[in-house]
Amino acid sequence: NERCVELRQEALGARRALQGDDHPATVRAAAALARTTALVGRHEDAVALQRANLALVERALGPDEALTLEQRAALGVVLLAAGRTDAARAELDAA
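Described below are features of the structure shown in this document. What you see is a predicted model, and the numbers here were worked out from it, not measured in a lab.

What about the nonpolar core?
Thinking step 1. Val27, Val47, Val57, Leu75, Val78 and Leu79 are the most contacted members of the largest nonpolar core, which has 13 residues in total.
Thinking step 2. Not counting residues within four places of it along the chain, the set of residues in contact with Leu75 comprises Val47, Gln50, Arg51, Leu54 and Glu91.
Thinking step 3. Formed by five residues, the second largest nonpolar core is a distinct cluster that contains Val5, Leu12, Ala30 and Leu33.

Below, the structure is given as structure tokens:
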């Protein structure tokens, strides 16, 4: 439910304040927010959140780092939840 999304947003805010945007724990908290947002049916919001998360980690670490690839796979998962199977497949294949 939406309360779960709110709790994930609070957790992400705390991670950002304590560890910065590109810390692995912050990146994973952002991915968790995207997944939770998808679970409550807000698929396009989830895709936008995870795209932004992937872009951030890709800028910080580069395209071939394990955390970047993990976040690319996470984007594939939320795209799949949104019913965008071709885009999901492309991201998952790239991960």
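Regarding the packing of helix α1 (residues 2-19) against helix α2 (residues 24-39)
Axes are the key here: two packed helices are described by the angle between their axes and the distance separating the axes.
Thinking step 1. Where α1 meets α2, the closest approach of the two axes is 9 Å, and the angle between their N-to-C directions is 165°. Between α1 and α2, the angle is such that the two are roughly antiparallel. Along this stretch, α1 crosses α2, giving a crossing that reads as left-handed. Facing α1, whose interface residues are Cys4, Val5, Arg8, Gln9, Leu12, Arg15, Arg16 and Gln19, α2 presents Ala25, Thr26, Ala29, Ala30, Ala32, Leu33, Thr36 and Thr37.

Some details on α1
Thinking step 1. Taking 1.5 Å of rise per residue, 18 residues should cover 26 Å, and α1 covers 25 Å from first to last C-alpha, within 8% of that figure.
Thinking step 2. Measuring from the side-chain oxygen of the N-cap residue of α1 to the backbone nitrogen of Arg3 gives 2.9 Å; that N-cap residue is Asn1.
Thinking step 3. At the exit of α1 stands Gly20, carrying a positive phi of roughly 90°.

Digging into α2
Thinking step 1. Compared with an ideal rise of 1.5 Å per residue, which puts 16 residues at 22 Å, α2 spans 23 Å between its outermost C-alpha atoms and is within 8% of the ideal.
Thinking step 2. Along α2, the positions that sit buried rather than exposed are Thr26, Val27, Ala29, Ala30, Ala31, Ala32, Leu33, Ala34, Thr36, Thr37 and Ala38.
Thinking step 3. As for α2, its buried residues are in contact with α1, α3 (43-61) and α4 (66-81).
Thinking step 4. Looking at the residues trailing α2, positive phi occurs at Gly41, about 90°.

Procedures and definitions
- Residues numbered from 1 in each chain as written.
- Predicted model: local features only at pLDDT ≥ 70, side-chain atom pairs only at ≥ 80, totals over all residues.
- Heavy atoms only, no water.
- Core = buried A, V, L, I, M, F, W, Y, C linked by side-chain atoms within 4.5 Å.
- Buried < 20%, exposed > 50% of the residue type's maximum accessible area, 1.4 Å probe, protein only.
- Contact = heavy atoms within 4.5 Å.
- Axes fitted to C-alpha atoms, helices over the stretch in contact; angles between N-to-C directions.
- Helix = DSSP H or I, 4+ residues; strand = E, 2+ residues; numbered from the N terminus.
- Parallel < 35°, antiparallel > 145°, perpendicular 65-115°, else oblique.
- Left-handed = near helix turned anticlockwise from the far one by under 90°.
- Expected span 1.5 Å × (residues − 1).
- Polar contact = N/O pair within 3.5 Å; in protein donor to acceptor, adjacent residues only side chain to side chain.

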